[in-house]
Amino acid sequence: RRSSDLIMKNQYPRTPILGLTATATREVIKDVQEILNIEGCFVLKDSFYRPNLFYEIVSMSSSSKDNDADLLAEMIKTRFKNESGIIYCLTVKDTEDLSEKLISKGIRASCYHSQLDSEIRSETHKKWYVGTLQVMVATIAFGMGINKADVRFVIHYSISKSIENYYQETGRAG
C-alpha cells in the first residue's frame, strides 16, 4: 500500500468515512475498504434485486448498424416518447456513430465517453439531466453520479463486459 492511499485517513483521522453504492461485489467492497484503510468496518448490504426494473431482450436481427439505428429510433419515438434514457455502447466510435444516426432520425441525443473534453462531458450531462437531451449514448464512462430520477430505459447496443457491469448499468433506470 502506498502512503498516498492513506491521505484521507491520515489527514482526518477522527472523521467518519461513509461509502455508498447501489451495486458492488464482495471483491469491490474489500478493495475499497483496503484503499480507504477501513478494513473491518461495519457494512450494511441489501439484495441486488430491484423489483421496479423490467428486463426485455429485443433482437436486432438486421444485417447493418443503419437498420439497428432505425429500429432504435422507432422504439424511442413510440415506446419511450418523451422519456429519458441511456444507450450503452462498448466503443467510443459506436457512441459517436449511433448518436449521430439517432439525431438524424429526430431524436434529441448526444454521446458521452472518456475521450471528450471534461467541459463538453459536463455540459452534455447537464443537458441530459434537465431534459434538453432525451437520450445519452455512452460508454461506461457515463455512470457515476447520474442521480436522475426519471431514467425510464437503458438499452445495451453492445453487451456489457461482465454481468456485474450489466446489472449496474441497467440499475440506472427506474
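Residues numbered from 1 in each chain as written. Predicted model: local features only at pLDDT ≥ 70, side-chain atom pairs only at ≥ 80, totals over all residues. Heavy atoms only, no water.

Colleague: Teacher, can you tell me more about the nonpolar core here?
Modeller: Soluble, globular proteins show a tendency: their nonpolar side chains are buried together. Residues Ile87, Leu98, Leu102 and Val135 are the most contacted members of the largest nonpolar core, which totals 17 residues. At 5 residues, the largest contribution of residues to this core is made by helix α3 (residues 65-78). Those residues in contact with Ile87 that lie beyond four places of it in its chain are Leu72, Ile76, Leu98, Leu102, Val135, Met136, Val137, Ala138, Ile155 and Tyr157. (Core = buried A, V, L, I, M, F, W, Y, C linked by side-chain atoms within 4.5 Å. Buried < 20%, exposed > 50% of the residue type's maximum accessible area, 1.4 Å probe, protein only. Helix = DSSP H or I, 4+ residues; strand = E, 2+ residues; numbered from the N terminus. Contact = heavy atoms within 4.5 Å.)

Colleague: How should the packing of aromatic side chains be read in this particular structure?
Modeller: Remark: the centre distance and the inter-plane angle together describe each pair of aromatic rings, the angle taken between the planes. Under the counting rule described, the total for this entry stands at 3 aromatic pairs. Relative to Phe142, the ring of Trp128 lies with its centre 5.1 Å away and its plane at 80°, an arrangement referred to as edge-to-face. Here the residue Trp128 occupies a position in helix α5 (residues 118-130), and Phe142 occupies one in the loop between β3 (135-138) and β4 (151-156), the gap between them amounting to 14 residues. Across the pair, exposure class does not vary: Trp128 and Phe142 are buried alike. In this structure an aromatic cluster arises from ring pairing among Tyr112, Trp128 and Phe142. In this structure, Lys148 is placed above the aromatic ring of Trp128, and the distance from its NZ or CZ to the ring centre is 5.1 Å. The ring of Tyr129 carries the charged tip of Lys148 above its face, separated from the ring centre by 5.8 Å. (Phe/Tyr/Trp six-rings, centres within 6.5 Å; stacked < 30°, edge-to-face > 60°. Lys NZ or Arg CZ within 6 Å of the ring centre and 35° of its normal.)

Colleague: Explanation requested: the packing of α3 against helix α4 (residues 92-104) in the structure shown.
Modeller: Helix-helix packing is described using two parameters, namely the angle between the two axes and the distance between the axes. α4 packs onto α3 with a crossing angle of 55° between their chain directions and a minimal axis gap of 9 Å. The pairing of α3 with α4 is recorded here as oblique in orientation. Considering only the axes of α3 and α4, their crossing is right-handed. Contact with α3, carried on its side by Lys65, Asp66, Ala69, Leu72, Ala73 and Ile76, involves Asp94, Leu98, Lys101 and Leu102 of α4 and no other residues of that element. In terms of residue class, the contact of α3 with α4 is built from 6 nonpolar, no polar and 4 charged. (Axes fitted to C-alpha atoms, helices over the stretch in contact; angles between N-to-C directions. Parallel < 35°, antiparallel > 145°, perpendicular 65-115°, else oblique. Left-handed = near helix turned anticlockwise from the far one by under 90°. Nonpolar A, V, L, I, M, F, W, Y, C, P; charged D, E, K, R; others polar.)

Any functional reading would require information beyond the geometric quantities listed.
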